[in-house]
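# Structure at a glance
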Amino acid sequence: MMRSVNRRALVRLLAGVTLAFIGLMPLSSVEAKAPVRPGTVLRATLPNGLKIVIVPNKLAPVATVSLNYFAGSDQSPAGFPGTAHAVEHMMFRGSPGLSRQQLDNIGSVMGGRYNANTREGMTQYYFTVPAEDLDVALRIEAARMTGIDCTEQDWEKERGAISQEVMRDISSPSYKAYERVRAGLFAGTPYEHTPLGTRESFEQTSAAALKAFHDRWYAPNNAVLIVVGNVDPGAALTKIKAIFGPLKAKKLPARAAMAFKPVAAEAVNVDFDQPYTLAYLALRLPGYDSKDEAALEVLADVLQSQRFALYDMVAEGRALATFYSYMPLKQAGTAMLGVAIPAGADVGAAQGEVRAIVAKALKDGIPADLVDAAKLQERRAAEQQKNSIEGLASRWADALAEAGLSSPDEAMAQIEKVTAADVNRVARQYLTLDQAISVTLVSRGGGQPVAGGGKAGGPESFASGETTPVELPSWAKAALDRLEVPEASLTPTVSTLPNGLTLIVQPTSVSDTVSLFGRIRSNSAVQEAPGKEGAAQMLDALMGFGTTGLDRLAFQKAVDGIGASVSAGDDFSASALSGDFDRAVELLADNQLNPALPETALVALKPQYVPYFASRLTSPDYLTERATDQALYPAGDPSLRQITGETVASLTRDDLLAYYKKVFRPDTTAIVVIGAITPEKARAIVEKYFGAWKAEGTKPDIDPPAVPANKAATANVPNPAKVQDEVTLTQTLAMTRKNPDYYALQLGNAVLGGGIFSAKLLSDLRVNSGLVYSVGSRLSVGRSRGRYAVTYGSDPDKVGQANAIVVKDIKEMQDTPVPEKTLRDAKSLLVRQIPLSEASIGAIAGGLLGRFDHDLPYDEHIRAAKRLIAITPEEVRTAFKTWLRPDDLVVVVQGPAPK
């Protein structure tokens, strides 16, 4: 189902507010019959009750294994709401016949995305791997189904990590508000708690209690196994039967019934650390088990439409953003209807207008054409899910385990039956705003940075957590011993139009959709005129106001008429069913090349954007970024330019047109077309609508200058909302993407912090010590300069110790060659990730556009595999010694002052 906040200004306002939800319903299926037709979904139920769905998808040589247990936070014992979440964590610490060390080795080398999540009625474990390694992923999940190694010593270590996860989330004001919403909407039921759990309950939880939860609920007859990818269904089913067939079914405990109390209207006010105020109404709605669920989904799409009156608040300058979201669980759901406004704006007036808009819609009725448009968009979105192997696996899991349906097609069939009368009926029945919980997250900003962010160094007492070599099971050893350059699965056709536009076409056959992704090489820090900072942001906001021939509403109606998605800007895109692609590109090109940029819209938006950018200067996130940049770069560097309320207030339409003409040019643009289309047809369509686009003047140089090496510095950015610190250790790199040392540094980064469980930093900071929940390192290199960074979250009293471990581990990489086995594992990780990076059309397009951005060959990832395999331990050591400067790290901490 489509779930997106209105696009344009601040579309990520609700990041961290909404959570994924899971319901509970057994899957109904029958024993599979052979033979299986190519491309056919295969279903089976083993004698032990394990339900299986295998969905072939040949987008890439990749497979996703998703094992979904019908046990989540709803099944946690009373008083221990995080039990299911804690068991999920312990599933990564070993099982009978598969030790933690073996699991770490396998997971780290496979290259796959390997993780889990706990929801209300379900816990999901997923593993995306090269298709030829499917049996390894299956065997891991079968071993973990049999049991977990859960000693008090292991739980004590993992308790530290999961407590850090809890502290991270409760440091988020939006999460705090959401917890209070859950408590108010679902009091007295398991839904009143999120699946996360509490630090207090984890302190009281024992390893024995966690093992008992696993023993009760983790069983083949309480799970559904979904396999999606480039697999032969019959052969995959044979493997599954052999691996999971011997496991025994269990007698499952009874599930608690839920009785919901009436919702009492209340007000929730929370201080917010963002440069805007967020106000929303939270409602309890029916869930997946209601016959009205499909109509509620369509209602959500309508209320999010840019043609619905709620969005007029944005378009007419009375809000930064508006949103409506519907999040169903099995037995009930949550809706959030709200608005984002500048800090200091009148919250009561904004909330009153939202209420008035909804009241008018309930009285007058929702127009049938908006319902039809929503259903068209759902149709395209459903088809487009096939364009991602992981996305398709998630869609099947949502349909089967969350919604209790037989397939995603059944969900779409229910949507198709929804009428305008249905939508109006459920709107009037359930949008009872007088019974809503009114939530306001009031922008308070943060404090100015102060010296002392916890220096990079200090006492520590933990030994290196480098993965200890262990003997692997025979079924894993053969697969992991393989290290070879993957075959290229992409064969893009690359051409240049007469106007200089680069066109890249990659046909696929997994869905009846075609998508276009475009990118203009640009850098607002370099290209904006002095004193006109913010021109790029304001231009982007105005691109959504139609074209010179179609005003905003007429343009959106044309897009809705074909159920397409169209977005213009320096990054632009269009997606449609294949039969509507020509029209979608026509609309995109009209918006991209002939934007209206109305003066009236600029005047209307300024009262929202001027105070927003003024407030942003005092927000903790901005101050953290600013403190980092000021320590890294010299005065006058383009990265230090600031958008202020004054610069935005000074912008005129002529300023935006001047920036548009400077930046929007075909000879700095690449377009990727991918989907059910031939290269010839794609070129004909793109040339028809973009061929007349002309470049004016000399092609701009947008690369920032090289910079000198930074010196060590520390800063602490206070954030009253946080109880946990967010820590970043950063340095500049005088390296370009084409530097020969790039690959040795990339490989070393995989060893240090870019791998999975065997990464040195993760082993030292989480697995062995529980100092952090997550830690990662990132190598970012462009055409003229780069950065290296390590980030983690930790309690304030653990920052000094964690920083010391980071420095120690980097210096070890500089002084001691990485062991051959460790380096080979890192090579396997990076090489196996190559096919995984092509498991969705979005990822494919992103990779191709990234190579365009960096002037790299379009088969660079295959060439990189050859280079990575040949790198020696000494080359990695030398690269780390040459480029990294652990004694010059800039340490910036956001949150309480480190102790």
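Residues numbered from 1 in each chain as written. Predicted model: local features only at pLDDT ≥ 70, side-chain atom pairs only at ≥ 80, totals over all residues. Heavy atoms only, no water.

### Comments concerning the overall build of the protein
- Along the protein, the regular secondary structure elements total 32 helices and 24 strands.
- The C-alpha atoms of the protein give 27 Å as radius of gyration, which agrees with the globular expectation for 899 residues (29 Å, within 12%).
- Its C-alpha atoms give the protein principal-axis dimensions of about 70 × 65 × 60 Å.
- By residue count, 59% of the 899 residues in the protein fall in the buried class.
- A separation of at least 24 residues holds for 84% of the contacts in the protein among residues at least 6 apart in sequence.
- Just so you have it, the protein exposes about 32500 Å², and 53% of that area is on carbon and sulfur atoms.
- Separation between the mean location of the 95 positive side-chain charges and that of the 99 negative ones in the protein comes to 2 Å. (Helix = DSSP H or I, 4+ residues; strand = E, 2+ residues; numbered from the N terminus. Rg over C-alpha atoms; globule rule 2.2 N^0.38 Å. Buried < 20%, exposed > 50% of the residue type's maximum accessible area, 1.4 Å probe, protein only. Contact = heavy atoms within 4.5 Å. Areas by Shrake-Rupley, 256 points an atom, 1.4 Å probe, with all protein chains shown as cover. Lys, Arg positive; Asp, Glu negative; His and termini not counted. Charge placed at Lys NZ, Arg CZ, Asp CG, Glu CD.)

### Here we look at the packing of aromatic side chains
- Scanning the model with the defined rule gives 19 aromatic pairs in all.
- Taken together, Y69, F92, Y114, Y125, F127 and Y218 form an aromatic cluster joined through their ring pairs.
- The side chain of R737 reaches across the aromatic face of Y742, ending 3.9 Å from its centre. (Phe/Tyr/Trp six-rings, centres within 6.5 Å; stacked < 30°, edge-to-face > 60°. Lys NZ or Arg CZ within 6 Å of the ring centre and 35° of its normal.)

### Quick look at the sheet that holds strand β8 (residues 223–229)
- The strand order across the open sheet formed by six strands is β1-β2-β8-β3-β7-β6, and the pairing between neighbours is mixed. Of all the strands in the sheet, just β1 (42–45) and β6 (113–118) have a single pairing partner and so form its edges. Strand-to-strand twist of the sheet, defined as the mean angle between neighbouring strand axes without regard to direction, takes the value 10°.
- Where strand β3 (residues 62–69) lies against β8, seven bridges are found, and the strand directions are antiparallel. Residue pairing across strands places N68 opposite V224, the latter belonging to β8.
- This element, helix α8 (residues 233–244), spans β1, β2 (51–56) and β8 of the sheet and lies at about 150° to β2.
- The strands touched by helix α13 (residues 389–402) within the sheet are β1, β2, β3, β6, β7 (123–130) and β8, with β8 carrying the most contacts at an inclination of about 155°. (Pairing = 2+ DSSP bridges. Axes fitted to C-alpha atoms, helices over the stretch in contact; angles between N-to-C directions.)

### Some details on the environment of V526
- With respect to the secondary-structure elements, V526 resides in helix α17 (residues 524–527).
- Judged by relative accessible area, V526 falls into the partly exposed class, the value being 29%.

### A few points about the sheet that holds strand β11 (residues 321–328)
- Across the sheet, which stays open at both edges, the five strands sit in the order β9-β13-β10-β12-β11 with mixed pairing between neighbours. In this open sheet, the two edge strands, each paired with only one partner strand, are β9 (266–272) and β11. Taken pair by pair, the neighbouring strands of this sheet meet at an average axis angle of 15°, ignoring direction.
- Where helix α5 (residues 173–185) meets the sheet, it contacts β9, β10 (276–285), β12 (333–342) and β13 (437–443), and its direction lies at approximately 165° from that of β9.
- Helix α9 (residues 293–304) contacts β10 and β11 of the sheet and is inclined by roughly 170° relative to β11.

### A word on the nonpolar core
- Core analysis: the largest hydrophobic core is formed by 128 residues, its most contacted members being V673 and F690.
- The contacts of V673, once residues within four sequence positions are left out, are L503, I504, V505, Q506, V514, S515, L516, F581, A682 and V686.
- Among the nonpolar cores identified, the runner-up in size contains 62 residues, and A63, L67, M145 and I148 belong to it. (Core = buried A, V, L, I, M, F, W, Y, C linked by side-chain atoms within 4.5 Å.)

### What to know about the packing of helix α18 (residues 535–542) against helix α21 (residues 599–616)
- Running from N to C, α18 and α21 point in directions that differ by 135°, and their axes come no closer than 11 Å. Classified by the interaxial angle, the pair formed by α18 and α21 is oblique. Once α18 is placed against α21, the crossing between them reads as right-handed. Every residue of α21 that contacts α18 at Q537, M538, A541 and L542 is listed here: A601, L602, L605, Y609 and F613.
- Split into classes, the residues belonging to the contact of α18 with α21 amount to eight nonpolar, one polar and no charged. (Parallel < 35°, antiparallel > 145°, perpendicular 65-115°, else oblique. Left-handed = near helix turned anticlockwise from the far one by under 90°. Nonpolar A, V, L, I, M, F, W, Y, C, P; charged D, E, K, R; others polar.)

### Quick look at the pattern of salt bridges
- Scanning the entire structure with this criterion turns up 53 salt bridges.
- Here D859 ties to R863 by a salt bridge, and the two come within 2.9 Å at their closest N and O atoms.
- For R863, a relative accessible area of 48% puts it in the partly exposed group.
- Taken together, the salt bridges that share partners define one network made up of K760, D764, K808, D809 and E812. (Salt bridge = Lys/Arg side-chain N within 4 Å of Asp/Glu carboxyl O.)

### Concerning α13
- Over its 14 residues, α13 extends 19 Å from the first C-alpha to the last, a length consistent with the 20 Å expected when each residue adds 1.5 Å.
- Along α13, eleven of the 14 residues are buried, which leaves the element largely enclosed by surrounding structure.
- Residues I389, G391, L392, A393, R395, W396, A397, A399, L400, A401 and E402 constitute the buried set of α13.
- Residue G404 follows α13 closely and has a positive phi angle near 70°. (Expected span 1.5 Å × (residues − 1).)

### Some words on the confidence of the model for the protein
- In this model, the protein carries an average pLDDT of 91, and 92% of its residues clear a pLDDT of 70 or more.
- The model gives residues 1–36 a pLDDT under 50, and that stretch makes 123 contacts with residues more than four places away or in other chains.
- With pLDDT under 50 throughout, residues 457–467 is counted as low confidence; its partners more than four residues away or in other chains account for 35 contacts. (pLDDT = per-residue confidence, 0-100.)

### Things to note about the pairing of strand β23 (residues 786–794)
- Among the nine residues that make up β23, seven are buried, leaving the element largely enclosed by the rest of the structure.
- As judged from the nine bridges shared by strand β21 (residues 725–733) and β23, these two strands associate in the antiparallel manner. Within β23, the position partnered with L733 by the bridge is G786.
- Here strand β22 (residues 772–781) runs beside β23; their pairing, made up of eight bridges, is antiparallel. When the sheet's bridge partners are listed, R778 is paired in β23 with A789.

### Here's the deal with the environment of F323
- Structurally, F323 is set in strand β11.
- Take F323: its relative accessible area is 2%, and that puts it in the buried class.
- F323 sits twelve residues away from Y311 along the chain, and the two C-alpha atoms are 8.3 Å apart.

### So, unusual backbone geometry
- The phi dihedral of L597 is positive, around 45°, even though this residue is not glycine.
- When you line up the elements, L597 lands in the loop between α20 (581–593) and α21.
- A relative accessible area of 0% places L597 in the buried class.
- The backbone of D855 sits at a positive phi, close to 55°, despite the residue not being glycine.
- Structurally, the position occupied by D855 is in the loop between α30 (841–853) and α31 (860–870).
- Look at D855 and you get partly exposed, because its relative accessible area is 41%.

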